[in-house]
Amino acid sequence: MSSCSLQSLVSVREFQSIHNFLFSTADPEMESTWEIDGWGDDWEIERMDVDSSGGKQATKGWMRECKVAISPNVDYMCISHQDKSVFLHNKSNASDGGSNSFEICWKGVLSEEENEEICYVLCLPLVSLKRTSHGSSEFICFMIGFTSGYLRVYTEAGCLLLSQIFHDTPITEIVCSTFDRWAHLSHGGAIEQKDEVTILHQDSTLVVVDGFSLFQTMRACRSQLAMAAASGTLAQEPPPLACRKWRLNLQSDTTSHVCMPMGEVTPFHRIMNYSLDHVDGQQGNVTLYATVGNAPFVAYYYADEGNTRPILSYVASVVANKLTKQASALISAASGWIKWGAQTATGSAPVPSEEVKKPQPKIAPSTALERHSGLPDTFRRGSKIVLAPGKRGLAALSDSLGRVCLVDLNTRSILRMWKGYRDAEVGFIRTYDDTPSHHRANTIRLSGTAKKLALFIAIYAPRRGILEIWSCIHGPRVGAFNISKHDRLLFPGHGMLGMNLEKSLGSQQMLQCCILTSEGNIKDIFIPFHLALSDSKSNKAHDVHLLKKIAQMLHTKTRAKESSKYSDETETNKDGEEILKLITEMRLCSIQKQALLKFLHTKRIGPTSFIKCISLLSDKYANGSKKEEKDFVRLLQVKQDLIEIYEQMSELNVEYKSPNRFTEWDSLSKKLASDLQLSENESEVAAKLMKKYKDASPSSTVRFQSQLDLSIDVAEFLACFSIEKDEELGYKVSIDEKKSQILGSFLFHSSLFGEVNSEQVVETIKKIKGISTQQKELLQICLLHWQEYECDVYGNHKKLEELINRLDWNTDDDQASLVWFDELKQQVISTSRYPLAAYITTLVIRSHLLSTKQQQQQTESKDESAENTEEAGDEKTEDKLEWETLCLDSEKWNGFMKQMEDSLALNTCIMLGNKILQTPTTSKDAATTADLCPLVSVHDLLTNGTGHPSELIASVLSKSHIHPSLVGMTSSLRDDCDVVGEDDLNEHQQKFIDELIYCRNHRFPFSLSPNFLHSHCFWEEMVKWNKNLQDLTGMKRGLVHLRLISCQPQIQRGLALMAWSTFIHKRILALGRLVEKVGKAPKERLCVKEIGVRDRHMSEFCECASELLQIIADADSDQFPQPATTSNNKLIHGSSEFQSVESNWLDIGGKESIVEMARKQSDVNYKLIQHLMNLIFVLRSTMEFSLRGVKPMTQLFDTFGRKAFEHELTSYDVHLPDCDVTTHTVLGARRKFINNIIETAVMKMTQQSHHDGGDQVNLNDLKEWVVTCIHMSGEFNLSKQQAHIHYIDLLYNHGLDELGAEELEGVSDPEVIASKLLLTVGQRFAFYLNHISPDVGVLIFAQMPTRVSTFINSQELDGLKKADVPLKDTLELAMKVSSILPDFDGEDSLAYQVVEALQAALDA
């Protein structure tokens, strides 16, 4: 709101009944009697007031005869007349839509003495001390002054809280001073603000009651009253009031007063006061009392507050204690002087006793206070003085001569005078600047906010029926209202009693000034802050404030409209009109321009309000002479043109209808050939690629009609353009690149994908001033929008071509068009992630250039037939150069078209792979959008190196879990034989493989070759495993891919070497340190913490690491090819597929591919590889068999060996341990370790052979482990034969005779093992004899030779793991031993004798 207004605040219900009660002449106690007896049925008495002229006046002016007061928080109100009062309470009416209104809460007669009338009323709320109601009022006190001099305080229910007489003359005025937060903060609390109530009596006696004492007394009285009502007893005496009594001399007929604390008077001011007034200066804190009356007109009194204030009640109690003989008399006197709880809870006065004479109260004497100074005026009598809020020391007073004066109490001078306001009512209104600001001077800062304050004075002239608002001190009139002559201006002038700074933070805004109409409505006076700047010297400040106000309103309304789903057009126009009014009230052109721009950039206002605002401002500055005003008019014209274009485009977009789905796929090839000047082969290729891409596209890209909204807000449309100054045009319009998406949809969608004529669209766009220089930007916006709606481009290529032809309106400059299209190719088409839309755009622009070329040729033929003059020859030469440039550019576009075809085919393959990922399987759910492979642009393929196509396909293969053998499958290989894993492919996987074969055969024969793909798949799998170390599937699949690289050992070795140094090496060393630390196979927690792999997967991890090193070791450097290079060290076409690149991508650049990096890897140190393989064997064995007591770093390797593990495989300066000088300690530890592995393996073999429910380790795997151990014995500088013999001995020792017989055949020196096996035979035979019948055993022993029996008895059975072996198996073993032992050996004869004994035992 930009001007002053009267806002309806609350209404008074039953207003007429209040009048009837206050002005009824009958006794209220007799009304009921009259009604019963029928009195007054025929009486028709109408109250009429007689004015000074003798005429009759209606009763609607009765309110001016009443005493009216309203509480500052608008909760309660009091209306009194003579001896009657009505108390009203503000309540919410649910039946009336929740509106508030004042309702009567109590009414009655308050006079207690004969002829006692009410002469002043005051509504004083007390602040609540409860934490739950912080800053709100607890209850209300109605302070009533009577003609008898009594001050009585009532509750809202009419219950008497306090009745006290300070002076025996009528009370003229009651003024309350309370804490003012803004005044306190504005002066930094330098002047103490005290709560106090001042009571002015008719004979110029002033009583000052301390606010704190009054606050405590009222709370105590309220509590005592509640307790008395509950118990039915009288309330106890409350604590005494602290007060002070002054007699104001040297002024007669004092009618009104104000008080203002002055603080401590400085010595300078004391000397100044003495020199001016010849009055001694005051010492200490001083309070100024300003009164109005007669002789003098205004009087000033200074009260020294240095002395302690006497408490009259306390003095009376002290005197009563001393005068014990007259105690009863004093108590009775005190009871009349201070009357506590004189009324009952119902509020009715007690009936006086006729027998008991009421004692006269004792009045304390007053202290004389001499007048300090005054404003004498013999013919002027002061009527009313009010103090302005704050501590500026301003007061307004009215007099008998119809003047209103503004007085400065600090200097005691009149600042301003208004004439013609007889019987005026005056009040002050303080407004706050609610616009946000961070840097302000002279502001009030509270809780992080800053506010400026402005003071206004409200003057109500009842005789004229006008209410005027003036700006203090010397400001103009800012508002005037014609109101009734019978209204009342209410100015409370105080707040809540007991308020302080802390409580004020949560309190509501207090009422400052309001109008009580004769109809019973209360209206608040609203004044905008900027009206304080209405002076002609404050134009800039005035406009700046309005600008901030507009910004705040726009921000608030925009947020409110965005939160609601729909916006009402009527409400939108109303908001626009309100802001428009503020803009038109501005005075400066520069700030008005800022406000206009803010207004035009606000959404949901509407073009109507914008046009209206622009028209008003244009009319205002149409005849402006200043340059700034002329420029502003030009800017307004540009903005108006843009809005008109917006309206025209909106009308065109209304005609848009969603196109039907494209179905003419059979005729697409012919249509492309005829429309885009393609050859038959080119059109067939284009149609085939489009059909494949359409089938591979996800169905989610389809847009429905309800999802498409071509309408945008006019503010968004204006924000799409930036307006700059131009010397020729005045202002030039340019397009904002950040808003191109919004602008493209609004301008071009209806003509690209609908039936709207493109000519109308382009002609409308051309109306924009200066848009002719934005041809490239418009083309770019059009193409970007075309690409965004890729799913709708099928069959709409002709519309795009028409739009491009019309946007290319600078046909005279062909060279400029070629440059524009080349820039569009680099900036828009090649970088597009919408391959189909970009491909169709390429075909359309190529067709457009070919048409331009044909027109150029026709122009050239015409020039050749012209006259052969010199000028014509020059023009011909120039045209020929342009035609050659056009031809060269056409060839570039042909090459770019081939690249777009390759990109489209590759993206089709990627989308088929994404379909595999989006299809849920039994093992996992469908992949999210983040897991899908993104589409690729031509720019990406040109700048990311030769390996980028393989990287993209490898990413899809890695996520789709297609078998590695299918990666290198070709059409011929599929026809010749079955490929592993082909039968397990689903429909999407089969389509992906077919498209991959097509891309490899026709698009990227080198970049997607099998070896290239296997290389990138290997690296992709390793990267995938590195992200999830718990799953070793990726590493295993990567090793399969690495093995499938054929005829390229150099690539295999390079990739394996890179993977080792990047992913494996550090983890192997960490595992070695961990095993060394714990001395056994570590548990899962330590494995995951140090390595990242679980303990049950650690053996597989070591196996994969060993396989990776084996691949490096198996690579033969003699078979590595030597690539031929050019002078600039770039690879050229050769016999190897890694040395070739496709012809369409010869200018490719960017990073090196993983294959090129693998080729550059250095030679490796094969001895170091074997050394690391030995460590991996130890670690793998420890984790596989859960060995204990293993210290691989310190026991199995010496110092040089441990240091060698830290080196890279390509390092040759490493000092490896010498096998010939290995210490016996290390050899013993290694032998023990090997034997421990073999023993553990044999034990697992025994469990596997004899217990079906035992360990499920495969028997063949255990045999492989033993073979590896025997092989590693040689690597550890140990005897392989000893390890093999130990293995065979363990097999027979555990009863695994079949396995032992197999291994016995492979022993190179069987005589050594034969001696050990002979002992095994003896142990078995001895066990057999010990466990058979004694009779049979004695018979067998008797038949044995002595040498055999002695041999049998000497055997110890503790070392035999399995003794209960069938005797037949023992006989076979003995026969093998006898056949192995050499002849003429002592053991040979013993073996034969044992065989005979076994045969005899078997026969027995």
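None of the values given here were measured: they were computed from a predicted structure. (Residues numbered from 1 in each chain as written. Predicted model: local features only at pLDDT ≥ 70, side-chain atom pairs only at ≥ 80, totals over all residues. Heavy atoms only, no water.)

### A few points about the overall build of the protein
What the protein contains, in helices and strands, is 44 helices and 36 strands. Of all 1404 residues assigned to the protein, the portion counted as buried reaches 50%. For the protein, the exposed area adds up to about 67,700 Å²; of that, 49% sits on carbon and sulfur atoms. (Helix = DSSP H or I, 4+ residues; strand = E, 2+ residues; numbered from the N terminus. Buried < 20%, exposed > 50% of the residue type's maximum accessible area, 1.4 Å probe, protein only. Areas by Shrake-Rupley, 256 points an atom, 1.4 Å probe, with all protein chains shown as cover.)

### Here we look at the pattern of salt bridges
Throughout the structure, instances matching the rule amount to 42 salt bridges. Among the ionic pairs, Glu 995 bridges to Lys 692, the shortest N-O distance being 3.6 Å. With Glu 995 in helix α27 (residues 987–1003) and Lys 692 in helix α15 (residues 680–696), the pair connects residues that are 303 residues apart, well separated along the chain. Residue class for Glu 995 comes out buried when judged on its relative accessible area of 6%. Judged by relative accessible area, which is 23%, Lys 692 ranks as partly exposed. Put simply, Asp 822 and Lys 825 hold a salt bridge, and the shortest N to O gap is 3.4 Å. (Salt bridge = Lys/Arg side-chain N within 4 Å of Asp/Glu carboxyl O.)

### Observations concerning the side chain of Ser 85
Note that Ser 85 resides in strand β6 (residues 84–93). Among the residues examined, Ser 85 registers a relative accessible area of 0% and is labelled buried. Looking at Ser 85, its side chain comes within polar contact range of the side chain of Ser 80, at 2.5 Å. Not counting residues up to four positions away in its chain, the partners in contact with Ser 85 are Phe 21, Leu 22, Ile 79, Ser 80, Trp 106, Lys 107, Gly 108, Leu 110 and Ile 118. (Polar contact = N/O pair within 3.5 Å; in protein donor to acceptor, adjacent residues only side chain to side chain. Contact = heavy atoms within 4.5 Å.)

### Considerations on the sheet that holds strand β32 (residues 488–490)
Reading across from one edge, β4-β5-β6-β7-β1-β34-β33-β32 is the order of the eight strands in this open sheet, with mixed pairing throughout. The outermost strands of the open sheet, each flanked by one partner alone, are β4 (67–70) and β32. Taking the axes of each pair of neighbouring strands and ignoring which way they run, one obtains an average angle of 30° across the sheet. Note that strand β1 (residues 5–12) and strand β34 (residues 521–526) share six bridges and pair antiparallel. Bridging across to β34, Val 10 finds its partner in Ile 522. (Pairing = 2+ DSSP bridges. Axes fitted to C-alpha atoms, helices over the stretch in contact; angles between N-to-C directions.)

### Looking at the packing of aromatic side chains
Tallied over the entire structure, the rule returns 25 aromatic pairs. Here the aromatic rings of Trp 893 and Phe 896 are separated by 5.8 Å at their centres, their planes lie at 85°, and the arrangement is edge-to-face. On the criterion of helical spacing, the pair formed by Trp 893 and Phe 896 is a turn pair, its members being three residues apart in helix α23 (residues 870–918). Grouping residues by exposure puts Trp 893 and Phe 896 together as buried. Note on Phe 1197 and Phe 1205: the rings are 5.1 Å apart at their centroids and 85° apart in plane angle, and the pair reads as edge-to-face. With respect to burial, Phe 1197 and Phe 1205 carry one shared label: buried. One aromatic cluster is present, built from ring pairs that chain together Phe 1177, Phe 1185, Phe 1197, Phe 1205, Phe 1233, Trp 1265 and Phe 1276. The cationic tip of Lys 84 hangs over the ring face of Phe 21; the distance from NZ or CZ to the ring centre is 5.5 Å. The lysine or arginine in question, Lys 825, covers the ring of Trp 893, its NZ or CZ lying 5.2 Å from the ring centre. (Phe/Tyr/Trp six-rings, centres within 6.5 Å; stacked < 30°, edge-to-face > 60°. Lys NZ or Arg CZ within 6 Å of the ring centre and 35° of its normal.)

### Details of a negative patch on the surface
Among the surface-exposed residues, Glu 644, Glu 647, Glu 651 and Glu 655 lie close enough to one another that they form a single negatively charged patch. By the element assignment, Glu 647 lies in helix α13 (residues 627–654). (Patch = residues over 30% accessible without salt bridge, like charges linked within 9 Å, V, L, I, M, F, W, Y side chains within 5 Å. Lys, Arg positive; Asp, Glu negative; His and termini not counted. Charge placed at Lys NZ, Arg CZ, Asp CG, Glu CD.)

### Digging into the pairing of strand β10 (residues 150–154)
Extensive coverage of β10 is indicated by the burial of five of its five residues. Because side chains alternate across β10, one face comprises the buried residues Tyr 150, Arg 152 and Tyr 154, and the other comprises Leu 151 and Val 153, equally buried. Alignment of strand β9 (residues 137–146) against β10, held across four bridges, turns out to be antiparallel. If you follow Gly 145 over to β10, its bridge partner there is Leu 151. The antiparallel hairpin formed by β9 and β10 contains three residues in its connecting segment, where Gly 149 sits at a positive phi of about 95°. Direction of pairing for β10 relative to strand β11 (residues 160–165): antiparallel, over a ladder of five bridges. From the neighbouring strand, Arg 152 faces β11, where its bridge partner is Ser 163.

### Looking at the environment of Ala 396
In this structure, Ala 396 sits in strand β23 (residues 394–399). Separated by ten residues in the primary sequence, Ala 396 and Val 386 have C-alpha atoms spaced 5.5 Å apart. Aside from chain neighbours lying at most four places away, what touches Ala 396 is Lys 384, Ile 385, Val 386, Cys 405, Val 426, Phe 428 and Ile 457.

### Overview of the packing of helix α32 (residues 1098–1114) against helix α34 (residues 1166–1185)
One way to put it is that α32 packs onto α34 with a least axis distance of 9 Å and a crossing angle of 165°. If you check the angle between α32 and α34, you find them roughly antiparallel. Considering only the axes of α32 and α34, their crossing is left-handed. Note on element contacts: α34 touches α32 through Tyr 1166, Ile 1169, Leu 1172, Met 1173, Ile 1176, Leu 1179, Arg 1180, Met 1183 and Glu 1184, opposite Met 1098, Ser 1099, Cys 1102, Glu 1103, Ala 1105, Ser 1106, Leu 1109, Gln 1110, Ile 1112 and Ala 1113. Of the residues in the contact of α32 with α34, the class split is 13 nonpolar, three polar and three charged. (Parallel < 35°, antiparallel > 145°, perpendicular 65-115°, else oblique. Left-handed = near helix turned anticlockwise from the far one by under 90°. Nonpolar A, V, L, I, M, F, W, Y, C, P; charged D, E, K, R; others polar.)

### Details of the sheet that holds strand β15 (residues 243–248)
The pairing of strands in a sheet comes from backbone hydrogen bonds and takes either a parallel or an antiparallel form. In space, the five strands of this open sheet follow the order β12-β13-β14-β15-β20, with mixed pairing throughout. Of all the strands in the sheet, the pair left with one neighbour each is β12 (171–177) and β20 (367–369). With direction set aside, neighbouring strand axes in the sheet form an average angle of 25°. Strand direction decides the pairing type here: strand β13 (residues 196–201) and strand β14 (residues 205–210), joined by five bridges, are antiparallel. Across the sheet, the residue bridging to Val 197 is Val 209, located in β14. Against the sheet, helix α4 (residues 211–231) engages β13 and β14, with an angle of about 65° to β14.

### Digging into helix α25 (residues 948–960)
Here α25 spans 19 Å end to end across 13 residues, near enough to the 18 Å set by a 1.5 Å rise per residue. Counting buried positions over the 13 residues of α25 gives eleven, a clear majority of the element. All buried positions along α25 are accounted for by His 948, Pro 949, Ser 950, Leu 952, Ile 953, Ala 954, Ser 955, Val 956, Leu 957, Ser 958 and Ser 960. His 961, located one to two residues past α25, shows a positive phi value of around 60°. (Expected span 1.5 Å × (residues − 1).)

### With respect to the confidence of the model for the protein
Of all residues in the protein, 78% have pLDDT values of 70 or greater, and the mean over the chain is 79. Mean pLDDT values for the elements of the protein range from 38 in helix α7 (residues 327–337) up to 96 in β4. Note on residues 872–877: pLDDT is under 50 here. Beyond four places in sequence and across chains, it has two contacts. (pLDDT = per-residue confidence, 0-100.)

### Points about helix α14 (residues 668–676)
Within the sequence span of α14, burial applies to Leu 668, Ser 669, Leu 672, Asp 675 and Leu 676. Looking straight down α14, one finds its buried side chains confined to an arc of 145°; they lie on one side. Facing away from the buried side of α14 by over 90 degrees, the exposed positions are Lys 670 and Ser 674. With its phi angle positive at about 55°, Gln 677 sits one or two positions after the end of α14. (Arc of directions from axis to C-beta.)

### Description of the pairing of strand β30 (residues 466–471)
Extensive coverage of β30 is indicated by the burial of six of its six residues. Burial along β30 is two-sided: Ile 466, Glu 468 and Trp 470 facing one way and Leu 467, Ile 469 and Ser 471 facing the other are all buried. Inspection of the sheet shows strand β29 (residues 453–461) paired to β30 by six bridges, in the antiparallel sense. Its bridge partner being in β30, Phe 456 is matched across the sheet by Ser 471. Sheet topology places β30 next to strand β31 (residues 477–482); five bridges connect them, and they run antiparallel. Of the residues in β31, the one forming a bridge with Trp 470 is Arg 477.

### Digging into unusual backbone geometry
That bond from Ala 295 to Pro 296 is cis: its omega, 5°, falls within 30 degrees of zero. Structurally, the position occupied by Pro 296 is in the loop between β17 (285–294) and β18 (298–304). A cis amide bond links Cys 472 to the next residue, Ile 473, at an omega of 5°. Here Ser 204, not a glycine, exhibits a phi torsion of approximately 65°, which is positive.

### As for the packing of helix α38 (residues 1280–1293) against helix α39 (residues 1297–1304)
Where α38 meets α39, the axes come as close as 8 Å, and the angle between the chain directions of the two elements is 155°. Regarding the angle of α38 to α39, the classification is roughly antiparallel. For the crossing formed where α38 meets α39, the hand is left-handed. Between α38 and α39, the residues in contact are His 1284, Tyr 1287, Ile 1288, Leu 1291 and Tyr 1292 and Asp 1297, Leu 1299, Gly 1300, Ala 1301, Glu 1303 and Leu 1304, respectively.

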